[in-house]
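# Coordinate analysis (summary)
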Amino acid sequence: MRAALARGVQQGEGMPLAQAPRLLEPGDQALEDGVLRNPDGTLLIAVRTEMPGVTGEMFDWWFGWHLTSSERYRLWHPRDHVRATVEEDRSYLSDDRERYVGNVSYVDEYIGGRLMKLAIEFVPPTLYGLEPGRFAEARVDTAVCARTAFQGWPLAVGHLIHLVRRVPGGCELRSRFWLGDIEVRLPVLGGPLSRLLNRAPLRRRVAPDGLGLGLLVHCAEEMNHLARLLPGLYRAFPRPGP
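Residues numbered from 1 in each chain as written. Predicted model: local features only at pLDDT ≥ 70, side-chain atom pairs only at ≥ 80, totals over all residues. Heavy atoms only, no water.

### Concerning the pairing of strand β9 (residues 170-184)
The buried fraction of β9 amounts to 13 of the 15 residues, a majority that puts the element mostly inside the structure. Pairing geometry for strand β3 (residues 43-52) and β9, over 10 bridges, is antiparallel. Residue pairing across strands places Pro 52 opposite Gly 170, the latter belonging to β9. In this structure, strand β8 (residues 155-167) lies alongside β9, joined through 12 bridges in antiparallel fashion. Residue pairing across strands places Arg 166 opposite Cys 171, the latter belonging to β9. Hairpin connection of β8 to β9: two residues between the antiparallel strands, including Gly 169 at a positive phi of 85 degrees. (Buried < 20%, exposed > 50% of the residue type's maximum accessible area, 1.4 Å probe, protein only. Helix = DSSP H or I, 4+ residues; strand = E, 2+ residues; numbered from the N terminus. Pairing = 2+ DSSP bridges.)

Written out as structure tokens, the structure reads:
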């Protein structure tokens, strides 16, 4: 990660969101750790985290378990994470993915020293072309996908994918964030305003370089920390039965 930070924000053509299914291909992508500014003004942030002893089942459990409590959320990053609530408490469900897919997590967290109030709208992987039928061949256990928006504003600005790929002794987490894909959620005016804001200069203002680098560091810190604490947490907190 230090090497990625030293390179700074690179300029070029990164993997567009429409090509997210390429994450199911064997081997590595051109960018696995770093920040890239596309010509259209969007940012691509990539982070790879080795997670010894962690499984996809644990990862799904974590996303279903931590949403309901700020205390649980702060375990993930004790310095940057502040507060978390969830649109619908589904703790009673035995299926971990059903707890978070289709749900919305409202979080307050610091990214690059800036307090962000975000709504993380979890969606099925198929929305990004990640077909579960291809997971086994790709050694992928699960994929956590979401659209990111600002709390209290009719404005979505990004997408995220956390793809869990099995490796000997655990898993490899490949995180991708696309920032600057702006959607104004207003009747009638939403379409024209979205087209206006999705111009490269305005995208750079909504998703500046500093935000991309801050997210690179934040994701690396929280996921490496999660890798150390998740196996023990998973064993300590049994899931409800059917």
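### Some remarks on the state of the cysteines
Scanning the model with the defined rule gives zero disulfides in all. Here Cys 171 is not disulfide-linked; the sulfur of Cys 219 is the nearest cysteine sulfur, at 13 Å. Of the residues examined, Cys 171 reaches a relative accessible area of 1% and is grouped as buried. Judged by relative accessible area, Cys 219 falls into the buried class, the value being 0%. (Disulfide = S-S within 2.5 Å.)

### Description of unusual backbone geometry
Despite not being glycine, Arg 139 shows a phi value in the positive range, around 60 degrees. By secondary structure assignment, the location of Arg 139 is in the loop between β6 (114-123) and β7 (140-150).

### With respect to the side chain of Arg 174
With respect to the helices and strands, Arg 174 occurs in strand β9. In terms of polar contacts, Arg 174 uses its side chain to reach the side chain of Glu 32, at 2.7 Å. If we ignore the near neighbours within four places in the chain, the residues touching Arg 174 are Leu 23, Gly 27, Asp 28, Gln 29, Glu 32, Val 47, Ile 161, His 162, Leu 163 and Arg 165. (Polar contact = N/O pair within 3.5 Å; in protein donor to acceptor, adjacent residues only side chain to side chain. Contact = heavy atoms within 4.5 Å.)

### As for the nonpolar core
Core analysis: the largest hydrophobic core is formed by 47 residues, its most contacted members being Ile 45, Met 51, Phe 59, Trp 62 and Leu 226. The element contributing the most residues to this core is helix α7 (residues 209-236), with 12 residues. Apart from residues no more than four positions distant in its own chain, Ile 45 is found in contact with Gly 34, Val 35, Ser 175, Arg 176, Phe 177, Leu 179, Gly 212, Leu 215 and Leu 216. Leu 44, Val 140, Ala 143 and Leu 163 belong to the second largest nonpolar core, which has 20 residues in total. (Core = buried A, V, L, I, M, F, W, Y, C linked by side-chain atoms within 4.5 Å.)

### Some points on a nonpolar patch on the surface
Taken together, Leu 186, Val 188, Leu 189, Leu 193 and Leu 196 make up a surface patch of nonpolar side chains, about 450 Å² in accessible area. Turning to its location among the elements, Val 188 is positioned in the loop between β9 and α5 (190-197). (Patch = residues over 30% accessible without salt bridge, like charges linked within 9 Å, V, L, I, M, F, W, Y side chains within 5 Å. Areas by Shrake-Rupley, 256 points an atom, 1.4 Å probe, with all protein chains shown as cover. Salt bridge = Lys/Arg side-chain N within 4 Å of Asp/Glu carboxyl O.)

### Here we look at the sheet that holds β6
Taking strand neighbours across the sheet as the criterion, the nine strands line up as β1-β2-β3-β9-β8-β7-β6-β5-β4 in an open arrangement whose pairing is mixed. The strands lining the two open edges of the sheet, one partner per strand, are β1 (9-11) and β4 (81-86). For this sheet, the mean inter-axis angle between neighbouring strands, taken without regard to orientation, is 25 degrees. Across the sheet, helix α2 (residues 56-65) lies against β3, β6, β7, β8 and β9, angled at about 25 degrees from β7, the strand it touches most. The strands touched by α5 within the sheet are β8 and β9, with β9 carrying the most contacts at an inclination of about 110 degrees. (Axes fitted to C-alpha atoms, helices over the stretch in contact; angles between N-to-C directions.)

### Considering the packing of α2 against α7
With their axes 10 Å apart at the nearest point, α2 and α7 run at an angle of 95 degrees to one another. Classed by the angle they form, the pair α2 and α7 counts as roughly perpendicular. Mapping the contact onto sequence places Glu 57, Met 58, Phe 59, Trp 61, Trp 62 and Trp 65 in α2 and Met 223, Leu 226, Leu 230, Pro 231, Leu 233 and Tyr 234 in α7. Class assignment of the residues belonging to the contact of α2 with α7 gives a composition of 11 nonpolar, no polar and one charged. (Parallel < 35°, antiparallel > 145°, perpendicular 65-115°, else oblique. Nonpolar A, V, L, I, M, F, W, Y, C, P; charged D, E, K, R; others polar.)

### Comments concerning the pairing of β6
With respect to burial, β6 is a largely interior element, seven of its 10 residues being buried. As paired elements, strand β5 (residues 104-111) and β6 share eight bridges and run antiparallel to each other. By the bridge assignment for β6, Tyr 110 is matched with Leu 115. Here β5 folds back onto β6 in antiparallel fashion, the turn holding two residues, of which Gly 112 has a positive phi close to 60 degrees. Sheet analysis places β6 next to β7, joined by six bridges and oriented antiparallel. Its bridge partner being in β7, Val 123 is matched across the sheet by Cys 145.

None of the figures reported here should be taken as evidence of function without further support.
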